[in-house]
Amino acid sequence: MPTASARPPAPRRVVFVDGVRTPFGRARKDGLYAHTRADDLVVKTVRELLRRHPGLPPERIDEVAIAATTQQGDQGLTLGRTVGVLAGLPRTVPGYAVDRMCAGAMTAVTNVAATIGFGAQDVAVAGGVEHMGHHPMGFDADPNPRFLSERLVAPDALNMGVTAENLHDRFPALTRERADAYGVASQARYAAALAAGQIEPDLVPVALRDPERGWGLATADEPPRPGTTVEQIAGLPTPFRPGGRVTAGTAAPLTDGAASCVLAAEDVAAELGLPTRMRLVSFAYAGVEPEIMGVGPVPATRKALERSGLTIDDIGLFEINEAFAVQVLAFLDAFGIADDDPRVNPYGGAIAVGHPLASSGVRLMTQLARQFEERPEVRYGLTTMCVGLGQGGTVIWENPHHPEYEPTNGSQL
């Protein structure tokens, strides 16, 4: 029995060591990964992390947490454990699966970070995968009829596109014209980042086998549509509502892909000679009305800022998941940020590159880490996203390249 004077261990600082992702493919019968297993995609990212960091002994990994929204078929069977085994990790390394829909990988990261911060683990792998071509969102789900019969949620809360239309309704300032302009800007920013060599370093090539086309290699993202103009998307149909405002030009395409990362206690990273690309400062999740789930990042960010002692003015870079343009615009309006603020998604976002649901959180983090390297004058950045059924998640990070960054011996968050 502990004595009355026993104290919990001091929290340890947690760092983002590195992250990688597969190229993203369109979720269709002729898409990049039509004949590739979902679990093999995420295995590829874990193996790449080990290849890039030979100083990390596989036996030092304490956990593998892998997210998927639709946990069935090649996305089922306790992904964290099966991915660890398939990636060649020692059998002593445990693992588990995570589901918080779009924030699955983000939740995997914050789960293992909290465990590391508590002192129960030293190093962990976290990530996510979504093969929407094999497992369409909501496929074979059986929502409890009480949701509707007892009016716990509005009928349209279960359709993410309709919730985006609801945001346009709720906030008249969020016009289709603004959304169209934002969607085009996302494509342009992604194209510029790709041309500048800012995308490819985080991609893991994936071998492909197609029964008809033979062997191939995925080395680039499939969804982007460079050169998209406002005039082109102004005429697109509004599939979620007749005469609506949400179109394929202002929504993330259905996508296949995986991403994963390594997190560690700061002192352990130093011991093993691993890089510190970001330090986790704080995180928060929040719930909102399911029918306007796109505003979820707003209260989540407010909570994360309050817990960190920071304000929105301290944040120099924003990686906001672009499930829909209107959702990003709602966040920007809530914090008084201009639609074209260069701090926001400088590499473009999910409208261009795609949103393989449970994997996107680590994509945001990996991009932010690279932006920190390019922008040492920026001290803090955040990654945030909305989540189906009315949630939001935000993680605030510190840039280790900033002149005021002070590494420690591992204690004190």
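For clarity, every value in this text was computed on a predicted model and none was experimentally measured.

Assigned secondary structure in the protein chain consists of 12 helices and 12 strands. Taken against the 2.2 N^0.38 rule, which gives 22 Å for 413 residues, the C-alpha radius of gyration of the protein chain at 21 Å falls within 12% of a compact globule. Projecting the C-alpha coordinates of the protein chain onto the three principal axes gives extents of approximately 65 × 55 × 50 Å. Relative to its full complement of 413 residues, the protein chain shows a buried share of 58%. Look at the contacts in the protein chain between residues 6 or more apart in sequence, and 79% of them connect residues 24 or more apart. The distance from the centre of the 37 positive side-chain charges to the centre of the 48 negative ones in the protein chain is 2 Å.

Before going further, it helps to examine the pairing of strand β3 (residues 63-67). Two faces belong to every sheet, and in a regular strand the side chains alternate between them. Most of β3 is tucked away: 5 of the 5 residues are buried. The side-chain alternation of β3 yields two buried faces, one formed by Glu63, Ala65 and Ala67 and the other by Val64 and Ile66. With 5 bridges joining them, β3 and strand β5 (residues 123-131) adopt parallel strand pairing. When the bridges of β5 are listed, valine 64 appears paired with valine 125. Handedness of the crossover joining β3 and strand β4 (residues 95-98) through helix α2 (residues 79-86) is recorded here as right-handed.

This paragraph deals with the packing of aromatic side chains. Applying the stated criterion across every chain, the model contains 5 aromatic pairs. Between phenylalanine 16 and tryptophan 397 the ring centres are 5.8 Å apart and the planes differ by 80 degrees, which places this aromatic pair in the edge-to-face class. Of this pair, phenylalanine 16 sits in strand β1 (residues 14-21) while tryptophan 397 sits in strand β12 (residues 391-398), and the two are 381 residues apart along the sequence. Each of the two residues, phenylalanine 16 as well as tryptophan 397, counts as buried. Judged by centre distance (4.8 Å) and plane angle (50 degrees), the ring pair of phenylalanine 331 and phenylalanine 335 falls under tilted. Here arginine 189 stacks its cationic end above the ring of tyrosine 182, 5.2 Å away from the centre of that ring.

So, on to the packing of helix α3 (residues 104-118) against helix α12 (residues 360-374). Closest axis-to-axis distance for the α3/α12 pair is 5 Å, and the angle between their directions is 70 degrees. One finds that α3 runs roughly perpendicular with respect to α12. For the pair α3 and α12, contact is made by Ala105, Met106 and Val109 and by Gly361, Val362 and Met365, respectively. Looking at the contact of α3 with α12, its residues break down into 5 nonpolar, 1 polar and no charged.

Another point: helix α6 (residues 176-195). Compared with an ideal rise of 1.5 Å per residue, which puts 20 residues at 28 Å, α6 spans 29 Å between its outermost C-alpha atoms and is within 8% of the ideal. Along α6, the positions that sit buried rather than exposed are Arg176, Arg178, Ala179, Asp180, Tyr182, Gly183, Val184, Ser186, Gln187, Arg189, Tyr190 and Ala193. Residues of α6 that are buried in the fold lie against α5 (160-170), α7 (230-234), α10 (325-334) and α11 (350-353). Among the residues trailing α6, glycine 197 stands out with phi positive, at a value near 75 degrees.

Let us now look at the side chain of histidine 168. With respect to the helices and strands, histidine 168 occurs in helix α5. Among residues more than four places away in sequence, those in contact with histidine 168 are Leu174, Thr175, Arg176, Ala179, Arg245, Val246 and Val326.

The next thing to look at is the nonpolar core. Membership of the largest hydrophobic core comes to 76 residues, with the highest contact counts inside it found for Ile61, Leu263 and Trp397. Counting 39 residues, the second-largest nonpolar core is a separate cluster that includes Ala284, Ile315, Leu329 and Tyr380.

Here we take up the UniProt feature "domain: Thiolase N-terminal" (unreviewed entry) in the protein chain. When the UniProt feature table is mapped to this numbering, "domain: Thiolase N-terminal" (unreviewed entry) covers residues 14-267. Helix makes up 31% of residues 14-267 and strand makes up 19%, while its end C-alpha atoms are separated by 9 Å.

Right, let's talk about the pairing of strand β10 (residues 315-320) for a bit. Of all 6 residues that make up β10, 6 are buried, and the element is covered over most of its length. As judged from the 5 bridges shared by β10 and strand β11 (residues 380-387), these two strands associate in the parallel manner. Counterpart to phenylalanine 318 in the pairing with β11 is leucine 382.

Thresholds applied
- Residues numbered from 1 in each chain as written.
- Predicted model: local features only at pLDDT ≥ 70, side-chain atom pairs only at ≥ 80, totals over all residues.
- Heavy atoms only, no water.
- Helix = DSSP H or I, 4+ residues; strand = E, 2+ residues; numbered from the N terminus.
- Rg over C-alpha atoms; globule rule 2.2 N^0.38 Å.
- Buried < 20%, exposed > 50% of the residue type's maximum accessible area, 1.4 Å probe, protein only.
- Contact = heavy atoms within 4.5 Å.
- Lys, Arg positive; Asp, Glu negative; His and termini not counted.
- Charge placed at Lys NZ, Arg CZ, Asp CG, Glu CD.
- Pairing = 2+ DSSP bridges.
- Right-handed = clockwise from strand over helix to strand, strands pointing away.
- Phe/Tyr/Trp six-rings, centres within 6.5 Å; stacked < 30°, edge-to-face > 60°.
- Lys NZ or Arg CZ within 6 Å of the ring centre and 35° of its normal.
- Axes fitted to C-alpha atoms, helices over the stretch in contact; angles between N-to-C directions.
- Parallel < 35°, antiparallel > 145°, perpendicular 65-115°, else oblique.
- Nonpolar A, V, L, I, M, F, W, Y, C, P; charged D, E, K, R; others polar.
- Expected span 1.5 Å × (residues − 1).
- Core = buried A, V, L, I, M, F, W, Y, C linked by side-chain atoms within 4.5 Å.
- UniProt positions renumbered as here; feature names shortened; annotations may be inferred.

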